[in-house]
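This is what each chain is made of:
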Amino acid sequence: MSKASWPLHGGRPTVQITLTFAQSGENVVRNLLADTGAGRRRSQFELLLDEDDCLLCGGRPVRSVVLGGAYSGTFPVYAIRIEVSPLGFRRRIYAVGLPTVPPDFDGIACFRFLNRFTYGNFGDPDQFGLETLPNT
């Protein structure tokens, strides 16, 4: 099982993912707010990202989803490839494309994504981390 931790950002938990832009092949790191209150275990999406990022990494729109709360309305859902390098995690996931993201963050890692891992501070209150589950 692999483990990765990131420092809190403004006192809030952060997860870093890597996107690969389709045209340039450039890898870009995105800092996401880890929010277990965003979405449900069986939501149709795992991340909330800037729609430009979804498009730049070659995301294909697969459906729309209606959100409530902080982001209310109908938004496109994209199939995109992401990576969490320290965990050896490389998968195609579903991300909602938003016109704006939370200040100081590049998006939100929702409960469905976080629930793929064991998560928490692992004994360091200034960090947030993910650890792969057995057989994932």
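It should be noted that the structure appears before, not after, this text.
Residues numbered from 1 in each chain as written. Predicted model: local features only at pLDDT ≥ 70, side-chain atom pairs only at ≥ 80, totals over all residues. Heavy atoms only, no water.

### So, the sheet that holds strand 1 (residues 3-7)
Thinking step 1. Taken in spatial order, the 3 strands of this open sheet run 1-10-9, and their pairing is antiparallel. Two strands lie at the open edges of the sheet, namely strand 1 and strand 9 (117-120), each paired on one side alone. For this sheet the average axis-to-axis angle between neighbouring strands, irrespective of direction, equals 15°.
Thinking step 2. The pairing of strand 9 with strand 10 (residues 127-132) spans 4 bridges and is classified as antiparallel. Bridged to Thr118 within strand 10 is Glu131. (Pairing = 2+ DSSP bridges. Helix = DSSP H or I, 4+ residues; strand = E, 2+ residues; numbered from the N terminus. Axes fitted to C-alpha atoms, helices over the stretch in contact; angles between N-to-C directions.)

### Thoughts on the pairing of strand 5 (residues 60-67)
Thinking step 1. As paired elements, strand 5 and strand 6 (residues 73-84) share 7 bridges and run antiparallel to each other. For Val65, the partnering residue across the bridge sits in strand 6 and is Phe75.
Thinking step 2. In this antiparallel pair of consecutive strands, strand 5 and strand 6, the connection spans 5 residues, and Gly69 shows a positive phi of 85°.

### Quick look at the packing of aromatic side chains
Thinking step 1. Scanning the entire structure with this criterion turns up 4 aromatic pairs.
Thinking step 2. Centre to centre, the rings of Phe89 and Phe117 are 5.4 Å apart; their planes meet at 65°, and the pair counts as edge-to-face. Here the residue Phe89 occupies a position in strand 7 (residues 89-98), and Phe117 occupies one in strand 9, the gap between them amounting to 28 residues. The same class applies to Phe89 as to Phe117, namely buried.
Thinking step 3. Its guanidinium or amino end placed over the ring of Phe122, Lys3 lies 4.6 Å from that ring's centre, counting from NZ or CZ.
Thinking step 4. One Lys or Arg, Arg63, reaches over the ring of Tyr94 and ends 4.7 Å from the middle of that ring. (Phe/Tyr/Trp six-rings, centres within 6.5 Å; stacked < 30°, edge-to-face > 60°. Buried < 20%, exposed > 50% of the residue type's maximum accessible area, 1.4 Å probe, protein only. Lys NZ or Arg CZ within 6 Å of the ring centre and 35° of its normal.)

Geometric descriptors of this kind do not, in isolation, establish any biological role.
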